[in-house]
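Analysis of the macromolecular model
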Amino acid sequence: MFGDYGEKINLSSYSYLGLIGHPDIDDAVRRSTASHSTGSHGVRLLSGTNDLHSRLEDRLANFKKSQDCVTFTSGYAANLSIIAGLVRPRDYVIGDKLNHASIVDGCKLSGAGFFRFNHNDPDHLHHRLRQLPVDANVLVVCDGVFSMDGDILNLPKISEVCKENGALLMVDEAHSLGVIGEKGTGIEEHFDLPPDAVDIKMGTLSKTIPSNGGYACASSEIVEFLKHQGRGFIFSAAMTPQSAAAAIAALDVIECEPERVGQLHENAELMRMLLNRAGIDTLQSETAILPAFCGADQRAWFLAKYCIDNGVFVQGIPYPVVSRNSARLRCTVTSEHSSDDIHLAASVIAEAFRKIA
């Protein structure tokens, strides 16, 4: 169709709202270079903090309806720093079985007692919490949108269980900020819950927001604690002025152009409907991440090659990224895909599934 080279429909992008290349964001980066140049001078606690960092943290705290915010140089560094900063060897951390690898690594790095609960299962979480000492310090960590399945955390029940058992709840919104909720503000808006449903609201600045970095929005007390206990904050150079400026501008665009979020929801629903109509299992996906389940690793690789050869850039996801015998094509749609793009991409994927057993 498109041959080995040339333009392809991209179903592997994290730019969910199509903000990469947005003129307002690019202009903000140019202005930040003129005013701050390119370096950060050092770590945040010494000479690295500038006014753009402070503005970004204030902006994120307002966007997520939190008291305060601290930023990190990447989402991975944020998860390691937050989790290992908040819990220690005599504490406990409990995570969903399908949490992102960076969460798992943070849990292991902390040295705390580490347990998992069945995927998105509040009853099993409750059981796990009841197994711990009544006076234990406990952190529960979950993805907001699960990055390989595309389903949404059952926040109403998970939050309720945490509050009932006196555990702090941290939610990683890497794939939910800008993706769910009518205005794209994330998981609390999606479920119409108050801001205190989540204690630590973590997210990245490299997916919907076209920049680099990670953040934690929380109470002023927790944020101040992380600034002095989060090793990725203490010992890593600050994010560049350009990254901070791009993130600030992106939050402004999300608020000023809410139609992007609505279009993303429409596009995701259309792709889901077309794949399901073709008999392709998209698991429990409710979002712009749509797994086309195929089972065997080798089949996923051949399916991906067929799609790429025929104009659709999509990747096969094998073990150990997902569990054994649960390989899939991981399709992500954005607000920028046209209806024609989605129909064509779905038809190529369906054809691949028919031809490659």
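Described in the following lines is the structure provided in the data block. (Residues numbered from 1 in each chain as written. Predicted model: local features only at pLDDT ≥ 70, side-chain atom pairs only at ≥ 80, totals over all residues. Heavy atoms only, no water.)

Observations regarding unusual backbone geometry
For the peptide bond that leads from Tyr319 to Pro320, omega is 10 degrees, which places it in the cis range. Position of Pro320 among the secondary structure elements: in the loop between β11 (315–317) and β12 (327–332). Even without glycine at this site, Asn120 takes up a positive phi of about 55 degrees. Note that Asn120 resides in the loop between β4 (113–117) and α6 (122–130). Even without a glycine there, the phi angle at Leu283 is positive, about 55 degrees. Along the chain, Leu283 turns up in the loop between α12 (259–277) and β9 (289–295). (Helix = DSSP H or I, 4+ residues; strand = E, 2+ residues; numbered from the N terminus.)

A closer look at the side chain of Asp143
Mapped onto the secondary structure, Asp143 falls in strand β5 (residues 138–143). No salt bridge is formed by the buried Asp143; its nearest oppositely charged neighbour, Lys207, is found at 9.0 Å. A polar contact is formed between the side chain of Asp143 and the backbone nitrogen of His100, at a distance of 2.9 Å. Apart from the residues lying within four places of it in its own chain, the contact partners of Asp143 are Leu98, Asn99, His100, Ile103, Leu153, Val171 and Asp172. (Buried < 20%, exposed > 50% of the residue type's maximum accessible area, 1.4 Å probe, protein only. Lys, Arg positive; Asp, Glu negative; His and termini not counted. Salt bridge = Lys/Arg side-chain N within 4 Å of Asp/Glu carboxyl O. Polar contact = N/O pair within 3.5 Å; in protein donor to acceptor, adjacent residues only side chain to side chain. Contact = heavy atoms within 4.5 Å.)

Some details on the pattern of salt bridges
For the structure on display, the rule yields 13 salt bridges. Here Lys201 makes a salt bridge to Glu188, at a shortest N to O gap of 3.0 Å. One end of the pair, Lys201, is in strand β7 (residues 200–204); the other, Glu188, is in helix α8 (residues 187–191), with 13 residues separating them in the sequence. We note that Lys201, like Glu188, is buried.

A closer look at the sheet that holds β7
Strand order in this open sheet of seven strands is β2-β8-β7-β6-β5-β3-β4, and the pairing throughout is mixed. The open sheet terminates on both sides in strands that have one partner only, identified here as β2 (68–72) and β4. Neighbour to neighbour, the strand axes of the sheet diverge by 20 degrees on average, direction disregarded. The pairing of strand β3 (residues 92–96) with β4 spans five bridges and is classified as parallel. Bridge assignment links Ile94 to a residue of β4, and that residue is Phe115. Relative to β7, helix α4 (residues 75–86) is tilted by about 155 degrees, and along the sheet it contacts β2, β3, β5, β6 (168–172), β7 and β8 (214–218). Together, β2, β7 and β8 form the strand contacts of helix α9 (residues 220–229), whose direction differs from that of β2 by roughly 25 degrees. (Pairing = 2+ DSSP bridges. Axes fitted to C-alpha atoms, helices over the stretch in contact; angles between N-to-C directions.)

Digging into the packing of α4 against α9
Contact pair α4 / α9: the axes reach a minimum separation of 9 Å and the direction vectors enclose 100 degrees. Regarding the angle of α4 to α9, the classification is roughly perpendicular. In this structure, α4 uses Ser81, Ile82, Gly85 and Leu86 to contact α9, whose residues at the interface are Ile222, Phe225, Leu226 and Gln229. Residue classes in the contact of α4 with α9 are distributed as five nonpolar, three polar and no charged. (Parallel < 35°, antiparallel > 145°, perpendicular 65-115°, else oblique. Nonpolar A, V, L, I, M, F, W, Y, C, P; charged D, E, K, R; others polar.)

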